[in-house]
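Reading the structure
Now for the letters of each chain:
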Amino acid sequence: MIVYAIRKVIGALAVLLVLSALVFMAGRALTPGDPAHLIAGPKASPETIENIRHALHLDQPVLQQYLTWLGNALRGDFGTSPFSGQANRDVILQQAPVSFELALMGLLIAIVIGIPAGVYAATRARSARVWFVRLPLLIAFAFPAFVSGAFALYIATHYFTNLYSPSYIPMSDGLIANLQTTLMPALAVGVPTAPLIMQMTRSSMLEVLSAPYTSTARTNGIAEWRVTYVYGLRAALPPVLTLIGMIFGLLVGGLFIVEQIFSLPGLGRGILDSIELRDFTQVTGQALVLAAAFILGNLVVDLVLPLIDRRIART
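This write-up is about the structure you can find in this document. Since this is a predicted model, take the numbers as computed values, not measurements.

1. Here we look at the side chain of Gln 282
Mapped onto the secondary structure, Gln 282 falls in helix α13 (residues 280-308). The class of Gln 282 is buried, set by a relative accessible area of 9%. Separated by 3.1 Å, the side chains of Gln 282 and Ser 274 make a polar contact. Those residues in contact with Gln 282, other than ones at most four positions away along the chain, are Ser 81, Ser 84, Asn 88, Val 91 and Ser 274.

Given below as structure tokens:
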């Protein structure tokens, strides 16, 4: 188990290192031509442009620029925005908790809805009543994020005005006040995501419930609820958890539409602002945090899976 965990952590760090190089190059690609000219403006003198190039290490080879940036990033220094003058680390520390909280809440809502719905759909696969559960979720999945977000905002501002706050309130200022800000956006994210978990749970449960060892358990007189929820669900969870880990990373990186609709100061909205300004120093750090969130979600799942199925650690 220890060797398995070490191998997974090393693999995650290697992937993050490769992604950091790709993110760095992509951040530079946001500013065609010389970024120093864009920052300095069209009327700047050559001396001013050269000073900016030197301050941003743009006068160095690209590989040297990346190694310098990586060394600073490992110390938690993502540079300073040449437009706002703020330290990028401070900006990310303000934005990341908003996106992570919203992604976790949305994922929790999707799990609470998706797994029970998937189990119900698998255990009543031949019943027409199962479509009363599956069909609404599949319809919700068909709507794009801007539609579900706009619908949730309409519901919040017209019917739940006492339970919804349009200005973001951090959790440090109170849990209830924070929920007034984040619950409706989390529902706009979580409900359309639930069908993915439902379908994976249903597919995995159908495979497990038709396996020979499940039939043997029934033959031995074990109660049906125990076969379904103790043995069947546990055996069906590994692929579901793998999907959940991927969904978490995708949610963190794909919240910009919902954050824009609800005016939440998260990473997704922050990246859109950085791209609009062509602030490559800030967007590089923001994108790296998103990549790290995706890798972290999958790493946590990889470390949890052996606790459910001991055979995984031996592979």
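2. Notes on the environment of Leu 104
When you line up the elements, Leu 104 lands in helix α5 (residues 88-123). Using a relative accessible area of 49% as the deciding quantity, one classes Leu 104 as partly exposed. When the C-alpha atoms of Leu 104 and Val 252 are compared, they prove to be 8.6 Å apart, with 148 residues separating the residues in sequence.

3. A short note on helix α8 (residues 175-209)
One turn of the α-helix equals 3.6 residues, which is why residues spaced by three or four share an orientation. Taking 1.5 Å per residue, 35 residues should reach 51 Å; α8 reaches only 41 Å between its end C-alpha atoms and comes up short. Thr 182 marks where α8 bends most, by close to 40 degrees; the proline Pro 185 follows one to four residues later.

4. What to know about unusual backbone geometry
Positive phi values are uncommon outside glycine, yet Ser 263 reaches one of about 55 degrees. Tracing the backbone through its elements, the reader meets Ser 263 in the loop between α11 (256-262) and α12 (267-277).

5. Here we look at the nonpolar core
Ranked by size, the top nonpolar core spans 59 residues in total, and within it Met 184, Ile 197, Met 205 and Phe 262 carry the most contacts. For this core, the element with the highest residue contribution is α5, accounting for 13 residues. Leave out the neighbours within four places in its chain, and Met 184 touches Ala 152, Ile 155, Ala 156, Tyr 164 and Phe 262. One finds Ile 49, Ile 52, Leu 56 and Leu 58 within the second-largest nonpolar core, a separate group that totals six residues.

6. So, a nonpolar patch on the surface
On the surface, a cluster of nonpolar side chains totalling about 530 Å² of accessible area is made up of Met 171, Leu 175, Ile 176, Leu 179, Leu 183 and Leu 187. Among the secondary structure elements, Met 171 is positioned in the loop between α7 (145-158) and α8.

7. As for the packing of helix α10 (residues 224-253) against α13
Between α10 and α13, the shortest axis-to-axis distance is 7 Å and the interhelical angle comes to 170 degrees. On the basis of their axis angle, the class for α10 and α13 is roughly antiparallel. Here α10 runs over α13; the crossing is right-handed. Along the contact surface, α10 presents Arg 234, Leu 237, Pro 238, Leu 241, Thr 242, Gly 245, Met 246, Phe 248, Gly 249, Leu 250, Val 252 and Gly 253, while α13 presents Leu 290, Ala 293, Phe 294, Gly 297, Asn 298, Val 301, Val 304, Leu 305, Leu 307 and Ile 308. Split by residue class, the contact of α10 with α13 holds 15 nonpolar, six polar and one charged.

8. What to know about the packing of aromatic side chains
A complete count under the given rule lists six aromatic pairs for this structure. Seen from their ring centres, Phe 100 and Phe 248 are 6.5 Å apart, and the 25 degrees between their planes marks the pair as stacked. Placement of the pair is Phe 100 in helix α5 and Phe 248 in helix α10, with a sequence separation of 148 residues. Relative accessible area serves as the criterion here: at 27%, Phe 100 is assigned to the partly exposed category. The exposure class of Phe 248 is buried, given its relative accessible area of 11%.

9. Some details on the packing of α5 against α10
For the pair α5 and α10, interaxial distance at closest approach is 10 Å and the crossing angle is 145 degrees. In the crossing of α5 with α10, the sense of the turn from one axis to the other is right-handed. Taking contact as the criterion, the partners of Phe 100, Ala 103, Leu 104, Gly 106, Leu 107, Ile 111, Ile 115, Val 119 and Thr 123 in α5 are, on α10, Thr 228, Tyr 229, Leu 233, Val 240, Ile 244, Ile 247, Phe 248, Leu 251 and Val 252. When the residues that make up the contact of α5 with α10 are grouped by side-chain class, the tally is 15 nonpolar, three polar and no charged.

Rules of the game
- Residues numbered from 1 in each chain as written.
- Predicted model: local features only at pLDDT ≥ 70, side-chain atom pairs only at ≥ 80, totals over all residues.
- Heavy atoms only, no water.
- Helix = DSSP H or I, 4+ residues; strand = E, 2+ residues; numbered from the N terminus.
- Buried < 20%, exposed > 50% of the residue type's maximum accessible area, 1.4 Å probe, protein only.
- Polar contact = N/O pair within 3.5 Å; in protein donor to acceptor, adjacent residues only side chain to side chain.
- Contact = heavy atoms within 4.5 Å.
- Expected span 1.5 Å × (residues − 1).
- Bend = angle between axes of the 7 residues up to and from the residue.
- Core = buried A, V, L, I, M, F, W, Y, C linked by side-chain atoms within 4.5 Å.
- Patch = residues over 30% accessible without salt bridge, like charges linked within 9 Å, V, L, I, M, F, W, Y side chains within 5 Å.
- Areas by Shrake-Rupley, 256 points an atom, 1.4 Å probe, with all protein chains shown as cover.
- Salt bridge = Lys/Arg side-chain N within 4 Å of Asp/Glu carboxyl O.
- Axes fitted to C-alpha atoms, helices over the stretch in contact; angles between N-to-C directions.
- Parallel < 35°, antiparallel > 145°, perpendicular 65-115°, else oblique.
- Left-handed = near helix turned anticlockwise from the far one by under 90°.
- Nonpolar A, V, L, I, M, F, W, Y, C, P; charged D, E, K, R; others polar.
- Phe/Tyr/Trp six-rings, centres within 6.5 Å; stacked < 30°, edge-to-face > 60°.

Shape is all these values report; function is a separate question.
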